[in-house]
Every structure is written in C-alpha cells, then in structure tokens.
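Architecture and fold: a report
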Amino acid sequence: MPGTDAVVTRGRVGVMLPRDLPASDLIPYARRAEQLGFDEVWVVEDLGWRGGVAQAATALAVTERITVGIGIMPAGARNVCFAAMELATLAQLHPGRVVAGIGHGMPGWMRDAGAWPASPVTLLKEYTTALRTLLRGEPGPANGRYVQCEGVQLTEIPELAPPVILGVRGPKSQAAAGEVADGLLLAEPAAPAYIENSRLHLGPDATVVSYDAAAVDEDENVALDRVRDGLAAIGEPDWAAHIAPLPFAAELGAHREASADGAEFARTLPAEWVRALAITGTPAQARAAIAARHAAGASTVVLAPVGADALHSLESLARVLS
C-alpha cells in the first residue's frame, strides 16, 4: 500500500456538507461543524450542483482546525495537471487539512458530460498515480492511455502532500485503490460488513472514510422515520456492492422489486434494516453504530444529515460526539 504524507487517524467523526445546502449557509455550516467538535467536513461534487474545489477552499478559509475532504472529484472531469495545482494550493494554504477523493463519477452523469472512458479503471489508475506523483513535486510519469503529463512538474508544492483516496465501489476499482492510492472513500450505505469487505483490498495502514445517512433524536422512532429519506436510492443496481455483504441482501432486493419507487421502498423498510443501513436512533445508538464502523476498519465515519434543515440536523448529529 502506498504511503501518505498526512495520515487520517482512526476513530474520527466527520459530517457531510449537503449538496443542496443553500449557498448562504455554506460558511455558517462549516464554521459550526468545527465549533461542535467534528473532526472533518466533506463536500460533494455532483453534476449540476456545486464544484468540490470551490466548496473546499471556502470551508478551509473560514475554519482553523477541521479537515476538509472532497468526495469526490471525477477523474474524467479535470486534467490531472490542473487538478494537482488546485490541490497543491489548498494544501499549501491549509497544511494537513485537505483530503482528496478521486473516483469514476456516476456513469450516467459522466456520459452526459462526454467524459466517460472506455476503461474507467485504467483512467483511474493512471490519474491517481500521476496526481500523487505531481503532489510530491516529482516529474509526471510516462504518458498512458488517458493521462499525459510526462515530465510536468509543479513549482509550488505543499510541505504535506494531501492524501488521495478513491471513492469507488466495485472490486476491481477497490483493488486499484490498494495499488495506487492512500485508501478508500466508501459512499453510503457503509455498514460494517461492507467496510470489512472493502478493507480486504487495502494494506493495514490505509485510510478508509465511510459515508452514512444519519439522523439522531432522543426518540428512536423519530430518528428512524427521518433517516429513511436518505435510503431511497440504495435498492438501485449502482448500490449492489454495498448491499451484497449484508445478511438480508436478497430480501432487500426483493423488497425493492415489490416497491413502486424509491420513496415507497425506503418508507417500508423494516426498522432492523434501517438501523443496519444508517447511523440513526438515539445518541447512544448512533454512537454504537459509529463505533461498529470504526471497529470494522473505518478511519473516519462521515455522517450525511437527513432532514429539511441542515443546520438543525447538524446540531442534533453533534450529540454523538459527547
């Protein structure tokens, strides 16, 4: 497993900055996440929403301590030389506080943008290798099938190169993370069994960041009902790798087939499954769910708030930190 210049330690808890958060709330949200004691805040880059680098730069500029992760920057979306320049600048200005997530991007989105390659794994391996090389201040590697940066060298390099982890699902892509990256970013749902399976592709010192839909309330039933909205998509084929290690995988598939749509699917999931697929319930129950993910091999567990008012949800999620 490749080493990293900045290590994310185990036992950390982060929070996601929702993609639909009003722009006027981005700065208050990042500041409040730090004030509440979260270790990390993660921004997302979904096609048509907001750019990951711009969000990360803003969050870093208005905070002092919290780590900011970008999860993820699609490899097909940016020339690797210029991506390295952006990340190196962030890491220079905010040493030790940046984590870069790289991935394929959702196939449909990337096809719409004209950026889906014939061999996604080849692109990802070439891109990640080149990106990490450039961030270390070394000349770019030999040109490959997709990535051409041979001999390119950054003038401005950070003292601490940011970790580069891959946000990928399938076994081939996760194996690539073990070969060329500093670890994995696991999209939600990331139940302990999925984390354990994914870790098999990595070395013992690799970073694993896991996302999970999250809702916390003193009344368990209130939290369970709220978090269901964050599970509407997980019965779709793109999430099969997340579900396969779970003991109720076949039943969940049948449940999705019997449901008219994702909303009905999520609304009628058995409570036991919801507890397994999300971080939810009372603060004590949510802390236990986080601990189980750390025990399964997650370095950082990132809570993706579910609820109409993201700032209010942020406050409720912070109860897991006490």
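Residues numbered from 1 in each chain as written. Predicted model: local features only at pLDDT ≥ 70, side-chain atom pairs only at ≥ 80, totals over all residues. Heavy atoms only, no water.

**A look at the packing of aromatic side chains**
The criterion, for reference: When the centres of two rings from Phe, Tyr and Trp lie within 6.5 Å, Trp using its six-membered ring, the rings pair. Their planes under 30 degrees apart give stacked, over 60 give edge-to-face, and anything left gives tilted. Secondary structure follows DSSP: runs of H or I at least 4 residues long count as helices, runs of E at least 2 residues long count as strands, and numbering of each begins at the N terminus. Our definition puts a charge over a ring when NZ of Lys or CZ of Arg is within 6 Å of the ring centre and also within 35 degrees of the ring normal.
Here the structure, examined in full by the defined rule, presents two aromatic pairs. Aromatic pair W42 and Y211: ring centres 6.2 Å apart, planes at 75°, arrangement edge-to-face. Linking W42 in strand β2 (residues 40–43) with Y211 in strand β7 (residues 207–216), this pair joins segments that are 169 residues apart in sequence. Of note, R169 hangs over the ring of W239, and the distance from its end group to the ring centre comes to 4.7 Å.

**Here's the deal with the nonpolar core**
Condition: Each nonpolar core is a collection of buried residues, namely Ala, Val, Leu, Ile, Met, Phe, Trp, Tyr and Cys, held together in the definition by side-chain atoms within 4.5 Å. Between buried and exposed lies partly exposed: a residue is buried under 20% and exposed over 50% of the maximum accessible area for its type, with that area taken using a 1.4 Å probe on protein chains only. Contacts are assigned to residue pairs with any non-hydrogen atoms lying within 4.5 Å of each other.
Grouped together as the largest cluster of nonpolar side chains are 70 residues, with contacts concentrated most on F38, V80, I102, Y127, L131 and L303. In this structure Y127 touches A75, R78, N79, V80, A83, I102 and V147, once residues within four positions along its chain are discounted. Listed in part, the 19 residues of the second largest apolar core include A191, V227, L231 and F248.

**Concerning the confidence of the model for the protein**
Basically, it comes down to this: By definition, pLDDT measures how confident the predictor is in each residue, and it falls between 0 and 100.
Chain-level pLDDT for the protein is 96 on average; 97% of the residues reach the 70-or-more range. The model gives residues 1–10 a pLDDT under 50, and that stretch makes 35 contacts with residues more than four places away or in other chains.

**Details of the pairing of strand β1 (residues 12–17)**
This is how the line gets drawn: Two strands pair under a simple rule: DSSP has to find at least two bridges between them.
Among the six residues in β1, six count as buried, and that is most of the element. Here β1 shows two buried faces, one formed by R12, G14 and M16 and the other by V13, V15 and L17. Pairing between β1 and strand β9 (residues 300–305): four bridges, direction parallel. Looking across to β9, one finds that G14 is bridged to V302.

**Some details on helix α8 (residues 220–227)**
Short version of the rule: An arc is given here, and it is the one of the directions from the helix axis to the C-beta atoms.
Within α8 the residues assigned to the buried category are E220, A223, L224 and V227. Seen from one end, α8 has its buried residues packed into an arc of 100°, which puts them on one side. Residues of α8 that are buried in the fold lie against β7, α12 (271–277), β8 (279–281) and α13 (283–296).

**Examining the pattern of salt bridges**
To be explicit about the condition: Basic side-chain nitrogens of Lys or Arg form a salt bridge, by our definition, when they fall within 4 Å of a carboxyl oxygen of Asp or Glu.
A full pass over the atoms with the stated rule returns 13 salt bridges. Put simply, E40 and R12 hold a salt bridge, and the shortest N to O gap is 2.8 Å. In this pair, E40 sits in strand β2 while R12 sits in strand β1, placing the two residues 28 residues apart along the sequence. Classification of E40 by relative accessible area gives buried; the value is 0%. With a shortest N-O distance of 2.8 Å, E236 and R256 are connected by a salt bridge. Separated by 20 residues along the polypeptide, E236 in the loop between α8 and α9 (240–243) and R256 in helix α10 (residues 249–258) bring together distant segments of the chain. For E236, a relative accessible area of 30% translates into the label partly exposed. In this structure R256 comes out as buried when scored by relative accessible area, which is 16%.

**What about the packing of helix α1 (residues 26–36) against helix α14 (residues 310–317)?**
As a reminder of what qualifies: Only the stretch in contact is used when fitting a helix axis, every axis being a line fitted to C-alpha atoms; angles between N-to-C directions are given from 0 to 180 degrees. What sets the label is the angle itself: under 35 degrees gives roughly parallel, over 145 gives roughly antiparallel, 65 to 115 gives roughly perpendicular, and the rest give oblique. Residues are grouped as follows: Ala, Val, Leu, Ile, Met, Phe, Trp, Tyr, Cys and Pro are nonpolar; Asp, Glu, Lys and Arg are charged; every other residue, Gly included, is polar.
Where α1 contacts α14, the two axes come as close as 10 Å, and the packing angle between them is 10°. In this view, α1 runs roughly parallel relative to α14, as classed from their interaxial angle. For the pair formed by α1 and α14, the contact residues are P28, Y29, R32, A33 and L36 on the first element and A310, L311, L314 and E315 on the second. Here the residues of the contact of α1 with α14 sort into seven nonpolar, no polar and two charged.

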